[in-house]
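What follows is each chain in one-letter form.
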Amino acid sequence: MIAYDLIGQTPLVLLESFSDDNVQIYAKLEQFNPGGSVKDRLGKYLVETAMKEGRLHKGDTIVEATAGNTGIGLAIAANRYNLTCVIFAPEGFSEEKISIMRALGADIKRTPRKNGMIGAQQEARAYAEDTGAVYMNQFETEHNPAAYTHTLGKQLTDALPHIDYFVAGAGSGGTFTGVAQHMRQFDVKNVIVEPEGSVLNGGEAHAHDIEGIGSEKWPIFLDKSLVDDIITVSDKAGFENVKLLAKQEGLLVGSSSGAALQGALEIKNQIDKGVIVTIFPDGSDRYMSKKIFEYKGDK
């Protein structure tokens, strides 16, 4: 086995201190991917699919808009296939992710925070049109959810004999959609978790401190029929759970994982018995400059 083959080989664990005899909560630890997040799966799939379709060849340039994790996954795949990787990343997100992308050889172009991810997408698309680079378009391509349906989704149902609820954060919506499509055949209820400031539950769009999830518009490929519920969580709750997971489970995870746990706990409080599975997308190591363990909610 080579390092690239480790993508997708992540553990599923019982969150012992958050479970009891009646309701068990399991988490898939995606920080154990080589690039440290669930988006390694996406980067690998987008690049390899584009090559199979003949849209991308060795020596070409790929471009994407991302706050970090997708860019890391794409940079890993780009190195594997001798591609140049250009990333448009809004200001204000984790500097650790930017440093990692640069270490992997990606060319980083910063965009104004006030323009959000939509602004970064516009600049990435324009760059592709001007230069002939291949725009990976994670927020709109149908290949995004496909990256997870037959890998992550199947891994969850193979590992657990029965699942009642699948709970996961949604940013581009790809991870949630791909797994939810697989879960439908097993009669699992699919629940989205979003931070306050995301619009999926009908709220107003505004800045939030939880990174990696949340959307300024409904994702193009997210089929509403797949969504049984949407839980909106506060920044404070997400970051408090990050600290609890460290102290009670020995798990060092990012703020989107804390948000996912909050969603799972809210479902736990609504049911008498069942199995809940969630996704912890990445680790806390890439948010240390943002003082992830010292968050006070007063920004």
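Per an unreviewed UniProt entry, the protein chain goes by the name cysteine synthase and belongs to Staphylococcus petrasii. Checking UniProt for the protein chain, the heading Catalytic activity (unreviewed entry) contains the comment "O-acetyl-L-serine + hydrogen sulfide = L-cysteine + acetate". According to the UniProt record, the Pathway (unreviewed entry) comment for the protein chain is "Amino-acid biosynthesis; L-cysteine biosynthesis; L-cysteine from L-serine: step 2/2."

Caption draft 1: Seen up close, the overall build of the protein chain. Tallying secondary structure elements over the protein chain gives 8 helices and 10 strands in all. For the protein chain, the proportion of contacts with a sequence separation of at least 24, taken over those separated by at least 6, is 70%. Accessible area for the protein chain stands at about 12700 Å²; split by element, carbon and sulfur atoms hold 48% of it. Charge centroids of the protein chain, computed over 30 positive and 40 negative side chains, lie 3 Å from each other.

Caption draft 2: Up close: the nonpolar core. Core analysis: the biggest nonpolar cluster contains 49 residues, and Val47, Ile62 and Phe166 have the highest contact counts within it. Within the residue set of this core, elements represented by two or more residues are helix 1 (39-52), helix 2 (69-80), strand 4 (84-90), helix 3 (95-103), helix 5 (143-159), strand 7 (165-169), helix 6 (174-183) and strand 10 (274-280). Residues from two domains meet in this core; each of domain 1 (3-32 + 148-290) and domain 2 (39-135) gives at least three. By size, the runner-up hydrophobic cluster in this structure holds 31 residues, among which are Leu29, Ile210, Ile271 and Ile292.

Caption draft 3: Spatial organisation of the environment of Asn82. Relative to the assigned elements, Asn82 resides in the loop between helix 2 and strand 4. Assessed through its relative accessible area of 55%, Asn82 is described here as exposed. Sequence spacing of Asn82 and Asp60 is 22 residues, and the spatial spacing of their C-alpha atoms is 7.9 Å. Once you skip the residues sitting within four places of it in the chain, Asn82 turns out to touch Lys58, Gly59 and Asp60.

Caption draft 4: How the structure looks around the pattern of salt bridges. One pass over the full model with this rule turns up 13 salt bridges. Across the pair Glu211 and Lys97 runs a salt bridge whose closest N-O atoms are separated by 3.5 Å. With Glu211 in the loop between strand 8 (189-195) and strand 9 (229-233) and Lys97 in helix 3, this residue pair connects regions lying 114 residues apart in the sequence. Lys97 carries the same exposure label as Glu211, and that label is buried. Between Asp158 and Lys154 there is a salt bridge, and its shortest N-O distance comes to 2.8 Å. One end of the pair, Asp158, and the other, Lys154, are both in helix 5, 4 residues apart, so they sit about a helical turn from each other. Take Asp158: its relative accessible area is 55%, and that puts it in the exposed class. Several salt bridges converge on common partners, so that one network encompasses Glu91, Glu95 and Arg110.

Caption draft 5: Molecular detail of the sheet that holds strand 3 (residues 61-65). Taken together, the 4 strands give an open sheet; going across it, the order is 5-4-3-6, and neighbouring strands pair in parallel fashion. Whereas interior strands pair on both sides, the edge strands pair on one side only; in this sheet they are strand 5 (107-111) and strand 6 (134-135). Where strand 3 and strand 4 come together, 5 bridges link them in parallel fashion. Counted as the bridge partner of Val63 is Val86 from strand 4.

Caption draft 6: Structural detail: the packing of helix 1 against helix 2. At their nearest, the axes of helix 1 and helix 2 sit 7 Å apart, and the two run at 50 degrees to each other. With respect to helix 2, the axis of helix 1 lies oblique. Between helix 1 and helix 2 the crossing geometry is right-handed. Across from Lys39, Asp40, Leu42, Gly43, Lys44, Leu46 and Val47 in helix 1, the residues of helix 2 making contact are Asn69, Thr70, Ile72, Gly73, Leu74, Ile76 and Ala77.

Caption draft 7: Representation of the side chain of Ser198 within the structure. Its place among the elements puts Ser198 in the loop between strand 8 and strand 9. A distance of 2.6 Å separates the side chain of Ser198 from the side chain of Glu194, its partner in a polar contact. At 2.9 Å, the side chain of Ser198 forms a polar contact with the backbone nitrogen of Ser215. Once residues within four sequence positions are removed from consideration, Ser198 is found in contact with Gly203, Glu204, His208, Gly214 and Ser215.

Caption draft 8: Focus on the UniProt feature "domain: Tryptophan synthase beta chain-like PALP" (unreviewed entry) in the protein chain. UniProt marks residues 5-282 with the feature "domain: Tryptophan synthase beta chain-like PALP" (unreviewed entry), using the numbering shown here. With 38% helix and 19% strand, residues 5-282 has its two end C-alpha atoms placed 18 Å apart.

Caption draft 9: Representation of the domain arrangement of the protein chain. Each domain of the protein chain was delimited in the assignment, giving domain 1 (3-32 + 148-290) and domain 2 (39-135). Computed from C-alpha atoms alone, the centre-to-centre distance between domain 1 and domain 2 is 24 Å. Buried surface at the junction of domain 1 and domain 2, both sides included, amounts to about 1800 Å², of which 50% is carbon and sulfur. On the domain 1 side of the contact with domain 2, Tyr4, Ile7 and Arg286 bury the most area, a combined 40% of that side's loss. Our count for the domain 1 to domain 2 interface comes out at 2 salt bridges. Across the pair Arg41 and Glu30 runs a salt bridge, and its minimum N-O distance is 2.7 Å. Taken together, the connections running from domain 1 to domain 2 amount to 15 residue pairs in polar contact (both at pLDDT 80 or more). Broken down by element, the residue count for the side of domain 1 that touches domain 2 peaks at 4 residues, all from helix 5.

Thresholds, definitions, all that
Residues numbered from 1 in each chain as written. Predicted model: local features only at pLDDT ≥ 70, side-chain atom pairs only at ≥ 80, totals over all residues. Heavy atoms only, no water. UniProt positions renumbered as here; feature names shortened; annotations may be inferred. Helix = DSSP H or I, 4+ residues; strand = E, 2+ residues; numbered from the N terminus. Contact = heavy atoms within 4.5 Å. Areas by Shrake-Rupley, 256 points an atom, 1.4 Å probe, with all protein chains shown as cover. Lys, Arg positive; Asp, Glu negative; His and termini not counted. Charge placed at Lys NZ, Arg CZ, Asp CG, Glu CD. Core = buried A, V, L, I, M, F, W, Y, C linked by side-chain atoms within 4.5 Å. Buried < 20%, exposed > 50% of the residue type's maximum accessible area, 1.4 Å probe, protein only. Domains from an automatic or database assignment. Salt bridge = Lys/Arg side-chain N within 4 Å of Asp/Glu carboxyl O. Pairing = 2+ DSSP bridges. Axes fitted to C-alpha atoms, helices over the stretch in contact; angles between N-to-C directions. Parallel < 35°, antiparallel > 145°, perpendicular 65-115°, else oblique. Left-handed = near helix turned anticlockwise from the far one by under 90°. Polar contact = N/O pair within 3.5 Å; in protein donor to acceptor, adjacent residues only side chain to side chain. Buried area = accessible area lost by both parts, 1.4 Å probe.

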